[in-house]
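# Understanding the architecture of this molecule
One letter stands for each residue in the lines below.
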Amino acid sequence: MAEYVSSLTDIAPVRDYLNRVGATARGLRSAVVMEVAGKYWRDLAIIKFDKDGGIRCSSMEYAPTEEERAQISEAWAVAKWPTLKPIKRVKDPPEMAKNAAKEDVFEFRNEDGDVVMLQVRCAGPQGKSYVPFTYWSDDKWRSCEADGPLPLYNADKIKGNATVFIHEGAKGARYCQGLIESNSVEAKAHPWRKELSGAVHVGWIGGALNPYRTDWSILRRNGIKKAYIICDNDTPGLRAVPIISEQLNMVTFVIQFTDEFPASFDLGDPFPPHMFGEAGYYIGPSFRECLHPATWATDLVPQEKGKPKAILRECFKGFWVYIEEIDSFICSEMPEIARSEAVLNKMCAPLSHVQDTARLIVKSYSGRITKVCYRPDCEGLNVTYRGSSAINLHVPTSIKAHAGDAGPFLDFMKYMFNDEEELKHVLKWCATLIARPSIRMGYGLLLISEQQGIGKTTLGAHILAPLVGLHNTSFPGENDITSAFNEWVAHKRLAVISEIYSGSSWRAYHALKSVITDREVTVNQKYMRQYVVENWCHVLASSNSMRALKMENDDRRWLYPEMAEVPWPREKFDFFRAWLTTGGLGIIKGWAEEWGDYVAESDRAPMTARKMEMIEGSRSEAQSEALDIARTVAGLGRAGGVAIKDVIGWVRAHAQGRVFDSDYELRRAMTDGGLLVYPKRLRIGNRVQVVLINEELSKGVGGLPLTEANELVRNSIVRCADVMESSM
């Protein structure tokens, strides 16, 4: 009885032909001419043999001659061919698999759970290689692939899932599938475990240069709706993404590793040690920071005449949404990504048959979304805002809370803020900002120290900004604050202003009033339409000048604590900054979530000694003169009052330069000095005017008839010249 063919090279004419063209047998009826490119290989020609011995070659350069065809056909006719035999479990594995380590052997199963191929990983002088084995009807293993598309690793686990992670190779897929199915401490500690869960992990084989060889239809056939492609960290892997995405025909993303990861890194490899702090907390890039849209946009539909017509795929409709309000496109699943028409077309060019994909998006109707909003208090993506549907652009920080000792942070804060009561207010503000994104506080934090290097930037830029999310933080300068363009406020929870000094100008103060208190902001951004969003921006402003802001006497917008003026020792700063970058930020977030006593939206900024000093320093010379008069009259020790016109005359005579303050502004300064505005205007010196009285006179007129009270006030009025000269 004739033996079954064990390999293509068993047939002499076939062997001679393959040797001539430099081809290697790949399956039992297929061969390939390959070109090695680094650790990858590229198929130059694919040769397939039909059951009757007919030959199809993808390149005429490597096709057989007529004589070779005749010889192969003759030998083929007498050969005996086995058929592929799926098996329920591996029995009597091939010698290479039997001798290999368990982690180097991969079982490929079909949708029904049958083994259709083994793959053995081998290490050699040229690096790692993978040897395929298939089981046949003569109950023998052969070192070849099955003819036809390559199987996906973990294909038997696809059913029942809507999301798939597609790894380059079986190793990463096996590791990640085991990771999400394990309850071990090690598995739970994986930095991306949460994001990798709730899905099936499959591996495509054949190399990054040959993704077209895989049977991708199995994914959609089994109900997969969303895919994440995870290529090795190299150029060939990334170039495979558009090819795979086009075949998938579903919402697709790519995980693109940065240069912080080793070359050729995949998720089957351990994360680099430098991505973990001394306490073992992960401090490397987050999953979302490595995530990018990669959905293929179009299909080509043949027409009766002319070129095929490009139409958007159903999976792409709604993936990018045109927002009328801002005349831009937003990725509906990653709303932090907003692009203009020109930029979007460039982004989609590798993933589309046309250059103007944006035009197709605008023409396609997938529900009308006219607005964007920024709602840290809502977790949903599509929300109702101002009577219309809107996309919520808020994305939380990627830093996760950890249990741990927050002592280094608290020591840093105790050093920065000398007053114990003021320190509590600052910690309360910081904890609310970090842990309660749903609370919009009504006041900002003002940090001023004349000495540089105290730690203001460390608190704002290196602690609070990453804990809020750098994408939720802006870093405007004074010119930005006073500019007509205010995009630094839009879609932000924190604005860190490193130097707010404005000399004697009130412009910065007035510009920040609305930022701190208004619930909505009209966004004015260059080259974009104006639009209105909710204002969730908190301000942390700092300066090295005690004249950083002009502040009104009834200010409720700033918490202004006293700060240290002697820098922390260098070794303490070095230790603290190292602690922050090795897991400290996660510990601070955990501390904030346990704080409990958060700022309420209606709370006003607590008064501090420094704030009182700033209010005093913010007064004009005329207001200061009026304040001195008020304090003198308030301290007479007897009933007394002063007429406003007399005050104005004194102020104009003694203030250097012209007086631009109104009567109202002078009265406000005087009430700060302890006087009260008498409720009735009186005729003094033939002029009806406002009179300000001290506490003794206020008590004296209490309960008197109006006529008697008015007469007592007139008789108690003192002249500014008399009381001010006597007090000097």
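Our subject in this report is the structure included herewith.

Cut-offs and rules
Here the residue numbering is sequential within each chain, running from 1 through the sequence in written order. Per-residue local features are limited, in this predicted model, to residues with pLDDT of at least 70; the limit for side-chain atom pairs, both in listing and counting, is 80 or more; totals at the level of whole chains, interfaces and linings are taken over all residues. Hydrogens and water molecules were not included; the side-chain quantities draw on all heavy atoms of the structure. A run of DSSP states H or I qualifies as a helix once it reaches four residues; a run of E qualifies as a strand once it reaches two. Both are numbered from the N-terminal end. Only C-alpha atoms enter the radius of gyration; for comparison, a globular chain is expected to reach 2.2 Å times N to the power 0.38, where N is the number of residues. Throughout, a residue-residue contact means that at least one pair of heavy atoms, one from each residue, lies within 4.5 Å. Counted as positive: Lys and Arg. Counted as negative: Asp and Glu, with His and the chain ends omitted from the count. Just so you know, the charge point we use is NZ for Lys, CZ for Arg, CG for Asp and CD for Glu. Nonpolar core, defined: a set of buried Ala, Val, Leu, Ile, Met, Phe, Trp, Tyr and Cys residues in which side-chain atoms within 4.5 Å join the residues together. For each residue, the accessible area found with a 1.4 Å probe, counting protein chains only, is set against the maximum for its type, and the residue is called buried under 20%, exposed over 50%, and partly exposed in between. To pair, rings of Phe, Tyr and Trp, with the six-membered ring standing in for Trp, must have centres within 6.5 Å; the planes then decide the type, stacked if under 30 degrees apart, edge-to-face if over 60, and tilted in the middle. By definition, being over a ring means that NZ of Lys or CZ of Arg is both within 6 Å of the ring centre and within 35 degrees of the ring normal. Here a strand pair is declared whenever DSSP counts at least two bridges between the two strands. For helices, the fitted line uses only the C-alpha atoms of the stretch in contact; every axis is such a line through C-alpha atoms, and the angle between N-to-C directions lies from 0 to 180 degrees. Definition of a polar contact: a pair of N or O atoms within 3.5 Å, with one able to donate and the other able to accept a hydrogen when the atoms are protein atoms, and with sequence-neighbouring residues admitted only if both atoms are side-chain atoms.

A word on the overall build of the protein. For the protein, the count of helices and strands is 23 helices and 33 strands. A compact globule built from 728 residues would reach a C-alpha radius of gyration of about 27 Å, whereas the protein, at 38 Å, exceeds it by more than 25%. Structurally, the protein occupies a C-alpha span of about 135 × 65 × 40 Å along its principal axes. Long-range pairs, those at least 24 residues apart, make up 68% of the contacts in the protein with a sequence separation of at least 6. In the protein, 89 positive and 93 negative side-chain charges are present, and the distance between their average locations comes to 4 Å.

As a further point, take the nonpolar core. Among the nonpolar cores identified, the biggest contains 48 residues, and Phe 412, Met 413, Trp 429, Leu 459 and Ile 463 are the most heavily contacted of them. Counting residues per element, the ones that place at least two in this core are α11 (407-416), α12 (420-435), β22 (444-448), α13 (456-468), β24 (494-497) and α16 (570-593). Excluding anything up to four places from it in sequence, Trp 429 contacts Met 441, Tyr 443, Gly 444, Leu 445, Leu 464, Leu 494, His 538, Val 539, Leu 540 and Val 599. Ile 180, Trp 192, Phe 287 and Ala 297 belong to the second largest nonpolar core, which has 38 residues in total.

On to the packing of aromatic side chains, then. The tally for this structure, following the rule as stated, stands at 37 aromatic pairs. Relative to Tyr 282, the ring of Phe 276 lies with its centre 5.5 Å away and its plane at 65°, an arrangement referred to as edge-to-face. Measuring from centroid to centroid gives 6.2 Å for Phe 412 and Tyr 415, while their planes differ by 50°, and the two rings are tilted. Taken together, the residues Phe 412 and Tyr 415, both in helix α11 and three residues apart, mark about one turn of the helix. Residue Phe 412 shares its accessibility class with Tyr 415, and that shared class is buried. Above the ring of Tyr 4, the side-chain terminus of Lys 80 is found at 4.5 Å from the ring centroid.

Strand order in the open sheet made by the four strands is β1-β2-β3-β4, with antiparallel pairing throughout. In this open sheet, the two edge strands, each paired with only one partner strand, are β1 (24-25) and β4 (55-57). Where strand β3 (residues 40-49) lies against β4, three bridges are found, and the strand directions are antiparallel. Within the sheet, the bridge partner assigned to Lys 48 lies in β4 and is Arg 56. In this fold helix α1 (residues 12-21) packs onto β2 (30-37), β3 and β4, with an angle of close to 145° to the strand it touches most, β3.

What follows deals with the environment of Trp 488. Position of Trp 488 among the secondary structure elements: in the loop between α14 (478-482) and β24. Between the C-alpha atom of Trp 488 and that of Val 523, which follows or precedes it by 35 residues, the distance is 9.0 Å. If we skip the residues at most four places from it in the chain, Trp 488 touches Ser 474, Pro 476, Asp 480, Ile 481, Ala 495, Leu 512 and Val 515. Here Asp 480 takes part through its backbone oxygen, which lies 3.2 Å from a polar atom of the side chain of Trp 488.

Attention shifts here to unusual backbone geometry. Non-glycine residue Asn 249 carries a positive phi angle of around 60°. Looking at the element boundaries, Asn 249 is found in the loop between α8 (235-248) and β12 (251-255). Here Asn 249 falls in the partly exposed class, since its relative accessible area comes to 22%. The backbone of Asn 686 shows a phi angle near 70°, a positive value even though the residue is not glycine. Within the secondary structure layout, Asn 686 lies in the loop between β31 (682-684) and β32 (687-689). Given a relative accessible area of 69%, Asn 686 falls into the exposed group.

Bear in mind that shape data such as this cannot, by itself, settle questions of function.
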